[in-house]
Amino acid sequence: MDIMDDRSVRIDLSRADFLPFSLPTIGDEEIAEVVDTLRSGWVTSGPKVERFEEAFAEYVGCSHAIAVNSCTAGLHIALSALGIGAGDEVIIPTLTFCSTANVVVHLNARPVLVDVGEDFNVTPEAIEAAITSRTKAILPVHYGGQACDLEAIYELADRHEMAVVEDAAHAVGSKYRGMKVGGSVLHPSRARRVAVFSFYATKNMTTGEGGMIVTEDGELAERMRLLSLHGMSRDSWKRYTAQGSWYYEVVAAGYKDNMTDIQAAIGIQQLKKLDRFIALRQEYARLYDQAFAGVEAVQIPIRHPDRDHIYHLYVLRLCLEQLSIDRAQFVAALRERKIGTSVHFIPVHLHPYYREQFGYRAGDLPSAEAIYQRIVSLPLYPRMSVADVDYVFKAVEHVIGMNKGKRS
Ligand SMILES: Cc1ncc(COP(=O)(O)O)c(C=O)c1O
């Protein structure tokens, strides 16, 4: 089914109805593939997961792809396979979802939260300033679907002998200097390198819940595959039994993080549509950019010319010094006009757990904190129509126009 048809079906987005912040684009192809899986009698990890992994590796241009049940699980597996543990430090931008840092805590290592730049991505300077003799890995986040400065990050990783685990939750299909995030040709680095993608419901492609780990390192890939399913060695049964699929050996205390064939069935079909989904997001982002460029008191996202931003998020910045309302009131005003929005993210170091456990305080990472006060993520997804994009723009323009002037 064509995406253009898809946008017009099932949910009426006229302004009598609420325009949600995000909606997945699920067509007849995904439904048929899931039904086929259900009818096949094989619903957990099996042939469809294998097909999905192969197709994904080809799309990204990488040597190894391991499907898991979330990006969070993939990040956890990657760090665990790299041997990150007690006493180790991992550098993470604070402007991210909590799971990026939580997985480090799960391994008894220390998440070292650092500041971000005006493009919302971690800066090489912030990373460099946080490196100690205990730093084992950098965990950069490609915020909103625009790649970090990978050249500089890998240069640092090489110089300080650190591994890099890219949190590519937002970045499936995103490019850095023409090369796909997670792809084999991305950077000629000596660092041990992994990237992990998310297929959560709001992402540019979805499997409901799901994730994919990619790497060029065959040994690491084998270890990560092992850890994704209880640490059960398949090679053992290949080695020790002629016919016995019942035999396995547990060679590590692994996790239960495998993807099911039901999820993979959705992923196989979503992947085929991904480039069209991205093209529509980029087109809508361009329309937003064009429209908001003429509105005072808002700032459009920064885009680097050497990166292909895939606009998982479209994040507007409010110039609060020119407004009589704060961000919470702005969000409420859009909600009254039937528009759903979100905020990405509350900086991790401001959450109670991270303050109490690691001693972070407000003021520690000023750039991320200032950004956080002013950001709003607007609806942007293929099922929106051009009229929806226009409605959001007009609503924002109206709310801004009604609330010009300093807060008393
Ligand atoms: C930056 C970032 N990292 C990691 C994750 C975790 O992804 P998942 O929900 O697939 O575990 C998310 C989820 O939204 C995210 O935004």
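Because the structure is predicted, anything quoted here is derived from the model rather than measured. (Residues numbered from 1 in each chain as written. Predicted model: local features only at pLDDT ≥ 70, side-chain atom pairs only at ≥ 80, totals over all residues. Heavy atoms only, no water.)

Visitor: Describe the site of the ligand, with residues and values.
Guide: With respect to spatial proximity, 16 residues lie near the ligand, and among them Thr-72, Asp-167, His-170, Ser-198 and Lys-203 are the closest. One of the side-chain nitrogen or oxygen atoms of Thr-72 is found 2.5 Å away from an oxygen atom of the ligand. Note that an oxygen atom of the ligand is positioned 2.7 Å from one of the side-chain N or O atoms of Lys-203. Notes on the ligand: free accessible area 390 Å², of which the protein chains cover 92%. Contributing elements (two or more residues each) for the shell around the ligand: helix H4 (71–81) and helix H5 (98–106). The residue inventory of the shell around the ligand, partitioned by class, reads six nonpolar, eight polar and two charged. (Near = heavy atom within 4 Å. Polar contact = N/O pair within 3.5 Å; in protein donor to acceptor, adjacent residues only side chain to side chain. Areas by Shrake-Rupley, 256 points an atom, 1.4 Å probe, with all protein chains shown as cover. Helix = DSSP H or I, 4+ residues; strand = E, 2+ residues; numbered from the N terminus. Nonpolar A, V, L, I, M, F, W, Y, C, P; charged D, E, K, R; others polar.)

Visitor: So what's going on with the pairing of strand S4 (residues 135–138)? Which residues, and what values?
Guide: Pairing between strand S2 (residues 89–93) and S4: three bridges, direction parallel. What sits directly across from Glu-89, in S4, is Thr-135. Note that S4 and strand S5 (residues 163–168) share two bridges and pair parallel. Its bridge partner lying in S5, Ala-137 is registered against Ala-163. Taken together, S4, helix H7 (residues 150–160) and S5 form a β-α-β motif whose crossover is right-handed. (Pairing = 2+ DSSP bridges. Right-handed = clockwise from strand over helix to strand, strands pointing away.)

Visitor: Help me get a handle on unusual backbone geometry, residues and values and all.
Guide: The omega torsion of the bond from His-344 to Phe-345 falls at 5 degrees, within 30 degrees of zero and hence cis. For Phe-345, the location among the structural elements is in the loop between helix H11 (327–336) and helix H12 (352–358). The backbone of Glu-161 shows a phi angle near 50 degrees, a positive value even though the residue is not glycine. If you trace the backbone, Glu-161 turns up in the loop between H7 and S5. If you check the backbone angles, Ala-297 has positive phi at about 75 degrees while not being a glycine.

Visitor: So, the sheet that holds strand S12 (residues 298–299): which residues are in play, and what are the values?
Guide: The strands making up a sheet are joined through hydrogen bonds of the backbone, oriented either antiparallel or parallel. The three strands lie next to each other as S12-S14-S15, forming an open sheet whose pairing is antiparallel. Two strands bound the open sheet, and with one partner strand each, they are S12 and strand S15 (375–378). Pairing of strand S14 (residues 314–318) with S15, which is carried by four bridges, proceeds in the antiparallel orientation. Considered in S15, the bridge of Arg-317 is made with Ile-375.

Visitor: Would you mind going over the nonpolar core in detail, with residue names and values included?
Guide: One recurring pattern in soluble globular proteins is that nonpolar side chains are buried together. Counting 46 residues, the largest nonpolar core has Phe-52, Phe-56, Ile-127, Phe-197, Phe-199, Met-212 and Val-214 as its most contacted members. The greatest single-element share of this core, amounting to six residues, is contributed by helix H3 (residues 47–60). With 38 residues, the next largest nonpolar core counts Ile-77, Val-165, Leu-220 and Phe-358 among its residues. (Core = buried A, V, L, I, M, F, W, Y, C linked by side-chain atoms within 4.5 Å. Buried < 20%, exposed > 50% of the residue type's maximum accessible area, 1.4 Å probe, protein only.)

Visitor: How would you summarise H3 if you had to cite specific residues and measurements?
Guide: With 14 residues, H3 should reach 20 Å at 1.5 Å per residue; the first-to-last C-alpha distance of 20 Å fits that figure. Residues of H3 that are buried: Lys-48, Val-49, Phe-52, Glu-53, Phe-56, Ala-57, Tyr-59 and Val-60. Axial view of H3: buried residues confined to an arc of 165 degrees, hence all on one face. Away from its buried face, by an angle of more than 90 degrees, H3 presents the exposed residues Pro-47, Glu-54 and Glu-58. (Expected span 1.5 Å × (residues − 1). Arc of directions from axis to C-beta.)

Visitor: Talk me through the pattern of salt bridges; I want residue IDs and the actual numbers.
Guide: Counted by the stated rule, this structure contains 17 salt bridges. Where Arg-51 meets Glu-33, a salt bridge forms, and the shortest distance between an N and an O atom there is 3.7 Å. Placement of Arg-51 in helix H3 and of Glu-33 in helix H2 (residues 28–40) is noted, with a sequence separation of 18 residues between them. The class for Glu-33 is buried, based on a relative accessible area of 11%. What emerges from the salt-bridge pattern is a single network uniting Glu-33, Asp-36, Lys-48 and Arg-51. (Salt bridge = Lys/Arg side-chain N within 4 Å of Asp/Glu carboxyl O.)

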